[in-house]
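# Remarks on the overall topology
Each chain is listed here by its residues.
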Amino acid sequence: MDEAVAPWTWDEADPDEEFPCAQLADTGLTAPVRGDDLAALGVRGIQFGSWDGQADGWLNTDTVGLRCGGARTETGRVYRVNEATYFVKADARQRLPFADHVTPWVYAEHFIEHLSLDEGIRWLREVRRVLTPGGLLRLTTPDLARYVDGYRLGDGFYSTHRERLLLLGAPPHEVPDRRAFMINQIFRFHGHRWIYDADELSFALTTAGFPTAGISRRAYREGAVPEVAALDRQVRNDETLYVEARSPDGR
């Protein structure tokens, strides 16, 4: 349970907030970033909502920016962070700062629930646009069905998940061990806007243009591309719904 995660808060992230880094270097790349730009950086995919979980070999994006001393990220510009990863500040509610069909992989862990349903569908349309034909999207998000089952069955899930929230820094008095509280908190934690079960996520994906036949439910760190599934973080696997979707193949 030593993985980096966003600090405990009931509040939505402030888009003007910035998180510190040790070193920030402007690569000179600006929107719209092209597929050959990513290839030249050695980037294999795009990860959304990732200021606290940047991955090597991916272009990490978030609406929250980074700062290092006097250097700060500007929207739509690609930066090298700590000589290890790449980052671009981008608002998922707007057109993404990428050309069409730039990447075969997109990953988003516990991200889409921070958007309203309409915003989430618009973002998924943008993801479909930037994926190459047949490209893979892996989404993870809190599973509403798991929370409802925990409420109905009293199966121990809430007690286990409460312990994880405490490990994330939640003060004990802010996470009482009451079933009604636990089902309500998932709709409020960190500015959540819309919580999904598998059917609701499939609805959003198909509305955004992903073919039904290409949508599949997955398990923790299990998926069509092991390198993509490996980004799943253990600290969230007890509550998480894992879904993959393929973009239209263009045929």
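This report concerns the structure included in the present document. (Residues numbered from 1 in each chain as written. Predicted model: local features only at pLDDT ≥ 70, side-chain atom pairs only at ≥ 80, totals over all residues. Heavy atoms only, no water.)

What follows covers the overall build of the protein chain. When its secondary structure is counted, the protein chain shows 7 helices and 12 strands. On C-alpha atoms alone, the protein chain measures out to a radius of gyration of 18 Å, which is about the 18 Å that the 2.2 N^0.38 rule sets for 251 residues. By its C-alpha atoms, the protein chain is 50 × 50 × 30 Å across when sized along the principal axes. Burial status across the protein chain gives 50% buried among its 251 residues. Contacts in the protein chain between residues far apart in sequence, at least 24 positions, make up 74% of those at least 6 positions apart. For the protein chain, the exposed surface amounts to about 11400 Å²; the carbon and sulfur share of it is 48%. Distance from the positive charge centre (29 side chains) to the negative charge centre (39 side chains) of the protein chain: 2 Å. (Helix = DSSP H or I, 4+ residues; strand = E, 2+ residues; numbered from the N terminus. Rg over C-alpha atoms; globule rule 2.2 N^0.38 Å. Buried < 20%, exposed > 50% of the residue type's maximum accessible area, 1.4 Å probe, protein only. Contact = heavy atoms within 4.5 Å. Areas by Shrake-Rupley, 256 points an atom, 1.4 Å probe, with all protein chains shown as cover. Lys, Arg positive; Asp, Glu negative; His and termini not counted. Charge placed at Lys NZ, Arg CZ, Asp CG, Glu CD.)

Time to look at the pattern of salt bridges. Taken as a whole, this structure holds 20 salt bridges when the rule is applied. Put simply, R34 and D36 hold a salt bridge, and the shortest N to O gap is 3.4 Å. Looking at R34, the relative accessible area reads 46%, which means it is partly exposed. The closest approach of N and O atoms between E244 and R138, which form a salt bridge, is 2.7 Å. Here E244, found in strand β12 (residues 240-246), pairs with R138, found in strand β10 (residues 131-142); they are 106 residues apart in sequence, far enough to count as distant. The residues E244 and R138 share a single accessibility class, namely buried. (Salt bridge = Lys/Arg side-chain N within 4 Å of Asp/Glu carboxyl O.)

We now examine the packing of helix α2 (residues 117-130) against helix α6 (residues 198-207). One can describe the packing of α2 onto α6 by two numbers: an axis separation of 8 Å at closest approach and a directional angle of 50°. The orientation of α2 with respect to α6, classified from their angle, is oblique. Regarding α2 and α6, the two cross each other, and that crossing is right-handed. Of the residues in α6, those touching α2 at L117, I121, L124 and R125 are E200, F203, A204, L205 and T207. (Axes fitted to C-alpha atoms, helices over the stretch in contact; angles between N-to-C directions. Parallel < 35°, antiparallel > 145°, perpendicular 65-115°, else oblique. Left-handed = near helix turned anticlockwise from the far one by under 90°.)

Turning our attention to the pairing of strand β4 (residues 58-62). With respect to burial, β4 is a largely interior element, 5 of its 5 residues being buried. In β4, alternate side chains face the same way, and those of W58, N60 and D62 on one face and L59 and T61 on the other are all buried. Where strand β3 (residues 45-48) meets β4, 4 bridges bridge the pair, whose relative direction is parallel. By the bridge assignment, I46 is partnered in β4 with L59. Relative to strand β8 (residues 85-89), β4 runs parallel, the two being bridged by 4 bridges. Bridge pairing in β8 places L59 opposite Y86. (Pairing = 2+ DSSP bridges.)

Turning our attention to the sheet that holds β12. Across the sheet, which stays open at both edges, the 9 strands sit in the order β2-β7-β8-β4-β3-β9-β10-β12-β11 with mixed pairing between neighbours. Each edge of the sheet is formed by a strand with only one pairing partner; in this case those strands are β2 (24-30) and β11 (215-218). The average undirected angle you get between the axes of adjacent strands in this sheet is 25°. Where β3 meets strand β9 (residues 103-109), 3 bridges bridge the pair, whose relative direction is parallel. Pairing of Q47 across the sheet is with Y107, part of β9. Along the sheet face, α2 touches β3, β9 and β10 and points at about 145° away from the line of β10. Across the sheet, α6 lies against β10, β11 and β12, angled at about 30° from β12, the strand it touches most.

In this section: the state of the cysteines. Within the structure shown, the criterion is met by 0 disulfides. Left without a disulfide partner, C21 is nearest to the cysteine sulfur of C68, which lies 4.6 Å away. With relative accessibility at 15%, the residue C21 sits in the buried group. The class for C68 is buried, based on a relative accessible area of 18%. (Disulfide = S-S within 2.5 Å.)

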